[in-house]
Amino acid sequence: MLRARERAVGLALLLPGLFFSSLLGSFFAYAGVRGAEAHHPDLVPPLLGLIATGVGLSWMLSPLLAGVSLSESHDVSRLLHFPLPLPTLVAASLVGNLLQPVVLAALPVLASLSLALSRRPAALPFALAGSLLSLLFLLAAAQVSALVLHGLSRRRRFQDVAVFLVIGLGFAMSMAPIVLFSGGARFLGRAVRGLAVSDLAALSPFAWGLLAAVHAGRGEAVAFVAWAAAQAVAIVLAGAVSALLIERIHRGELDLGGAVRDETGRAVMRLPGRIGALLEKDLRVAWRDPATKATLFLSCATPLFWLFVFTRTSGGLSPSGLLALATLVGASAFGNAFGLEGRGIALLLGFPVDRWRILVAKNLSGLALRLPGLATLLVMGSLLAPPALLPAAATVALCTFVVAVGIDNYASILFPVVAARPGHNPYGGAAAGGRGLAAAALGALFFTGTILAASPFVFLAWLPMLLERPVLWLFSLPLALAGAGAVYAMLVAGAAGVLERREPDLLQRVLGEA
Amino acid sequence: MFRGRPAVDHVSFRVARGRFFGFLGPNGAGKSTTIKMLTGLLRPTEGEATIEGHPLEKELLAVKRVIGVLPEELPLYERLTGEEYLHFAGRMYGLSREETRRRTEELLAFLSLEEERGKLIVDYSQGMRKKTALAAALIHSPRVLFLDEPLNGIDPISGRVVTDLLRRLAQKGVTMFFTSHVLDVAERLCDEVAIIDRGRLVAQGTLEQIRAQREVGQDATLEDVFLKLVAADVRREDLSWIG
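These numbers come from a predicted model, not from an experiment.

The rules we used
Residues numbered from 1 in each chain as written. Chains lettered and ligands numbered in written order. Predicted model: local features only at pLDDT ≥ 70, side-chain atom pairs only at ≥ 80, totals over all residues. Heavy atoms only, no water. Helix = DSSP H or I, 4+ residues; strand = E, 2+ residues; numbered from the N terminus. Rg over C-alpha atoms; globule rule 2.2 N^0.38 Å. Buried < 20%, exposed > 50% of the residue type's maximum accessible area, 1.4 Å probe, protein only. Pairing = 2+ DSSP bridges. Axes fitted to C-alpha atoms, helices over the stretch in contact; angles between N-to-C directions. Contact = heavy atoms within 4.5 Å. pLDDT = per-residue confidence, 0-100. Core = buried A, V, L, I, M, F, W, Y, C linked by side-chain atoms within 4.5 Å. Patch = residues over 30% accessible without salt bridge, like charges linked within 9 Å, V, L, I, M, F, W, Y side chains within 5 Å. Areas by Shrake-Rupley, 256 points an atom, 1.4 Å probe, with all protein chains shown as cover. Salt bridge = Lys/Arg side-chain N within 4 Å of Asp/Glu carboxyl O. Buried area = accessible area lost by both parts, 1.4 Å probe. Polar contact = N/O pair within 3.5 Å; in protein donor to acceptor, adjacent residues only side chain to side chain. Lys, Arg positive; Asp, Glu negative; His and termini not counted. Charge placed at Lys NZ, Arg CZ, Asp CG, Glu CD. Arc of directions from axis to C-beta.

A. Quick peek at the overall build of chain B. When its secondary structure is counted, chain B shows 9 helices and 8 strands. Relative to the 2.2 N^0.38 estimate, which gives 18 Å for 243 residues, the radius of gyration of chain B is 19 Å and therefore close to what a compact globule would have. If one aligns the C-alpha atoms of chain B with their principal axes, the spans along those axes are about 55 × 50 × 40 Å. Within chain B, the proportion of its 243 residues that are buried is 54%.

Here it is in structure tokens:
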């Protein structure tokens, strides 16, 4: 029932969004190209090439960057048992992708782009053909990248490294626009102009079809034919690479297995008690999981990023800025503990361990994984703000953290976002598409709840600063910590009760999806 | 409930302590569902169960202390090594660090997992995973063992070692609740069987009792009795296009 509701919410968010983005994209493509053709016609080919390359790379890596695969990566290697030629399978997968919602939404944009590029009506079909060749290459390239990811997923150690690196790349790519904008419009303009003038995009096969479209629109037949031919060759080559990869995956040549690790002597769980063993298990598993390990490093990068933005936009870090930052870092402590357990949840809840212990261990491992981020925040904060503020900032971060994980226990019991099994697409299932969007909406709701519930303790830490009497911190900080601790204890006791009541439902939910 | 109909319907049985109890049935009959309900992984819509004197609904943790479970699907912690997993399981059952270490060593040696102890479970074969899960189910000396297809994927040598161990455990008073599709193994191991079909029990007792109740010959095997009870028609016409 819940899953059907989530899917409905996801679709309700997705379809109008796609429709409007297609409409907006068409408008901006037309207006942008017309404007550029009128004032800087020489910049149109390199700019379109840059945009096509950016879109192409993002599309190719969309399963890892955005958590949603924009086009389908059909596992056609399963069809190799049938007497079908490889090129037929590759072409069938490409044609199948033409009906994906995002591909359909891209068609009006390409049509309006082609219309804007065509200086005469007779040029329109040729410009459109060039644009469609670009789209077809994009789909073929996405197919190649999906097959590479599939191949990597069959060799776990490669996949682990790839997932780790690509999460970092995704973080860098998503932060890049904000970093560029924080430098001001002039800096951004200079960067884009520099890239356009160098005309590097002409080397990118994502751009060749659009370059053909530009020349078709200007009536330059020879250039059109040359770029269109280059794009067609690139499509055929991508198809050939896909066919080769499919064959190798099918033969098991990319499935080389993993090396034996000798960990003898380090297997004993050293931390005391059941909570200690649970915590140690979580930390060992987290350190060996590339996605969690990447998240650990990103938890250090995020405060650095915000500090950078703060210092670029307001010329420094004010005391209130540091406390606000500490609140944000502490409140973003959502761990989705039971969803991340995956099928292991049947083991975890099969042990005769009090449920509150499980929750506390999960929360402690969440804290342990966020300590590096918190430490980064405090170290950087001490360089940019008065050092006397650091105890208050640490208290604010801890208070919001314990309230956040206390609330997160309910989220992970009632709305777990189930992690994929190792070797499967880590960004598929519950984390993708409409359900991924719905989970994000619920996350925002819980985040707001955390800020509200933690606000009295944040206020206590803030108060001496507002009154300009730092000595009051001697009383207000312990009081805030004790208050947040009491709220946490109540939240855990309540969540343990909810877990006991809903245990079979949670198990069914997670096991049904993992 | 499964797709609107009861997956298990009015199933009632009693297993005496130390018995090797076979719970048999065709695919989709409700065997794994019953095990999931008896081990607290699924909540029945109605009915109750008592294990070693503990009512399941009210004393779930007490039940979990005395049972060991080897599920058909093996949800192990993929990114722990086999040895780490056994250490973790021992600690979860409240064993001391030293006792956990001692039992882990014995189990790894007994199940021929010593060479693979440092490998991550994600790299284990199906048979190794099965043996690791069995080791974890045994580490706290349970009084009742739930075994869902315990011999699937295990090589014949390990299979023999495991069946001998299970037999010895039953002789020492451990109750076995065992499901398998391999009926000759069930016939060799089980003191008593129950046969479930489409969610309902169709027979229960020793093989001799069931033979007598259902009026099948005294030389009928468990497979013969099973096929008769689940009304399985195993006769087939030839495929029309194969000469």
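B. View of the sheet that holds strand 8 (residues 200-205) of chain B. All names here are of chain B. Ordered in space as 4-5-6-1-7-8, the 6 strands form an open sheet in which the pairing is mixed. Bordering the open sheet on either side are strand 4 (67-70) and strand 8, each of which pairs with just one other strand. On average, adjacent strands in this sheet sit at an angle of 15° to one another, irrespective of strand direction. The pairing of strand 1 (residues 20-24) with strand 7 (residues 192-197) spans 4 bridges and is classified as parallel. Across the sheet, residue glycine 22 finds its bridge partner in strand 7, namely valine 193. Packed on one face of the sheet, helix 1 (residues 31-38) meets strand 1, strand 5 (144-148), strand 6 (175-179) and strand 7 and runs near 150° to strand 5. Here helix 9 (residues 222-229) sits on the sheet and contacts strand 1, strand 7 and strand 8; the angle it forms with strand 7, its principal contact strand, is near 30°.

C. Examining the confidence of the model for chain A more closely. Mean pLDDT over chain A works out to 80, with 77% of the residues at or above the 70 mark. This stretch, residues 256-260 of chain A, has a pLDDT under 50; its non-local contacts, to residues over four places away or in other chains, come to 7 contacts.

D. Focus on the nonpolar core. If you look at the biggest cluster of nonpolar residues, it comprises 99 residues, and the most contacted ones within it are Phe338(A), Phe351(A), Tyr85(B), Phe88(B), Leu145(B) and Met176(B). Top contributing element to this core by residue count: helix 19 (residues 473-513) of chain A, with 12 residues. Filtering out sequence-adjacent residues up to four positions away, Phe88(B) remains in contact with Met269(A), Ala277(A), Leu278(A), Lys281(A), Phe351(A) and Tyr77(B). Counting residues in hydrophobic clusters, the runner-up holds 45 residues, among them Leu80(A), Leu86(A), Ala141(A) and Leu211(A).

E. Region of interest: a nonpolar patch on the surface. Residues Leu99(A), Leu104(A), Leu107(A) and Leu132(A) make up a contiguous nonpolar surface patch of about 360 Å² in total accessible area. By the secondary structure assignment, Leu104(A) is in helix 5 (residues 101-117).

F. Local environment of the interface of chain A and chain B. Taken together, the contact between chain A and chain B spans 49 residues of the former and 34 residues of the latter. Roughly 3,700 Å² of surface becomes buried between chain A and chain B when both sides are summed, with 61% attributable to carbon and sulfur atoms. Where chain A meets chain B, there are 4 salt bridges. Linking chain A with chain B are 12 residue pairs in polar contact (both at pLDDT 80 or more), by the criterion used here.

G. Seen up close, the pairing of strand 8 of chain B. Residues and elements named next belong to chain B. Where strand 7 and strand 8 come together, 5 bridges link them in antiparallel fashion. Residue pairing for strand 8: isoleucine 196 is matched across the bridge by leucine 201. Between strand 7 and the antiparallel strand that follows it, strand 8, lie 2 residues; arginine 198 among them carries a positive phi value of about 50°.

H. Molecular detail of a negative patch on the surface. Residue and element names in this part refer to chain B. On the surface, a cluster of negative charge is contributed by Asp184, Glu187, Asp219, Glu223 and Asp224. For the negative patch, the secondary structure elements donating two or more residues are helix 7 (183-189) and helix 9. On the basis of relative accessibility, which here comes to 40%, the residue aspartate 224 falls in the partly exposed class.

I. Layout of helix 1 of chain B. Residues and elements named next belong to chain B. Buried residues of helix 1: Lys31, Thr34, Ile35, Met37 and Leu38, and no others. Viewed end-on, helix 1 has its buried residues packed into an arc of 160°, placing them on one side of the element. Packing partners of the buried residues in helix 1 comprise strand 1, strand 2 (50-51), helix 2 (60-66), strand 5, strand 6 and strand 7. Following helix 1 by one or two positions, glycine 40 has its phi on the positive side, about 85°.

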